[in-house]
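What follows is each chain in one-letter form.
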Amino acid sequence: ASHPDTLASVNNLAALLQARGKLAEAEPLYRRALVGRKKQLGASHPNTLTSVNNLATLLKAQGKLAEAEPLYRCALAGREKQLGA
């Protein structure tokens, strides 16, 4: 498990790689940030839900729509529970 600030940096690097079109390099970093945030902050924490959404967006960009959909649904359900519909 990593410190939340370290996980934010991992997420930021993944976002940069995604923006540069380096999707295959970004994916393991988004997954690392998600796993770490789940461990450190819990599955329903807003930062964890952001990581779920980020990974879903990357998977969508890679054409992995069947993998992306349940993640988008998870992020939506978590945000609705935390923030309201």
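Bear in mind the structure is a predicted one, so any value in this text is a computation, not a measurement.

**As for the pattern of salt bridges**
- Evaluation of the coordinates by the stated rule reveals 4 salt bridges.
- With a closest N to O distance of 3.1 Å, Glu 67 and Arg 31 form a salt bridge. Placement of Glu 67 in helix 4 (residues 65-83) and of Arg 31 in helix 2 (residues 23-41) is noted, with a sequence separation of 36 residues between them.
- Via salt bridges that share partners, Glu 27, Arg 31, Lys 64 and Glu 67 belong to a single interconnected network.

**Section: the environment of Leu 83**
- Residue placement: Leu 83 occurs in helix 4.
- Separated by 37 residues in sequence, Leu 83 and Pro 46 have C-alpha atoms that sit 9.3 Å apart.

**Details of the confidence of the model for the protein chain**
- Looking at the protein chain as a whole, the pLDDT averages 95, with 99% of positions reaching at least 70.
- Helix 3 (residues 46-61) holds the highest mean pLDDT among the elements of the protein chain, 97, whereas helix 4 holds the lowest, 95.

**Re helix 4**
- Here helix 4 contains 19 residues, and its C-alpha end-to-end distance of 26 Å stays within 8% of the 27 Å for a straight helix at 1.5 Å per residue.
- Along helix 4, the residues that are buried comprise Ala 68, Leu 71, Ala 75 and Gly 78. The buried residues of helix 4 occupy an angular sector of 100° when the element is viewed end-on, so they sit on one face. Seen from the open side of helix 4, the exposed residues pointing more than 90 degrees away from its buried face are Leu 65, Ala 66, Arg 73 and Lys 81.
- Buried residues in helix 4 make contact with helix 3.
- Two residues or fewer past helix 4, Gly 84 is found with a positive phi of approximately 100°.

**Things to note about the nonpolar core**
- Judged by nonpolar contacts, the single largest core of 17 residues is most densely connected at Ala 26, Tyr 30, Leu 55, Leu 58 and Leu 71.
- Sorting the residues of this core by element identifies helix 1 (4-19), helix 2, helix 3 and helix 4 as the ones contributing at least two each.
- If we skip the residues at most four places from it in the chain, Leu 55 touches Glu 27, Tyr 30, Arg 31, Leu 34 and Leu 71.

**Points about the packing of helix 1 against helix 2**
- Helix 2 packs onto helix 1 with a crossing angle of 155° between their chain directions and a minimal axis gap of 8 Å. With respect to helix 2, the element helix 1 is oriented roughly antiparallel. For the crossing formed where helix 1 meets helix 2, the hand is left-handed. Note on element contacts: helix 2 touches helix 1 through Leu 23, Glu 25, Ala 26, Leu 29, Tyr 30, Arg 32, Ala 33, Gly 36, Arg 37, Gln 40 and Leu 41, opposite Pro 4, Thr 6, Leu 7, Ala 8, Val 10, Asn 11, Leu 13, Ala 14, Ala 15, Leu 17 and Gln 18.
- Residue composition of the contact of helix 1 with helix 2, grouped by class: 14 nonpolar, 5 polar and 3 charged.

Definitions and limits used
Residues numbered from 1 in each chain as written. Predicted model: local features only at pLDDT ≥ 70, side-chain atom pairs only at ≥ 80, totals over all residues. Heavy atoms only, no water. Salt bridge = Lys/Arg side-chain N within 4 Å of Asp/Glu carboxyl O. Helix = DSSP H or I, 4+ residues; strand = E, 2+ residues; numbered from the N terminus. pLDDT = per-residue confidence, 0-100. Expected span 1.5 Å × (residues − 1). Buried < 20%, exposed > 50% of the residue type's maximum accessible area, 1.4 Å probe, protein only. Arc of directions from axis to C-beta. Contact = heavy atoms within 4.5 Å. Core = buried A, V, L, I, M, F, W, Y, C linked by side-chain atoms within 4.5 Å. Axes fitted to C-alpha atoms, helices over the stretch in contact; angles between N-to-C directions. Parallel < 35°, antiparallel > 145°, perpendicular 65-115°, else oblique. Left-handed = near helix turned anticlockwise from the far one by under 90°. Nonpolar A, V, L, I, M, F, W, Y, C, P; charged D, E, K, R; others polar.

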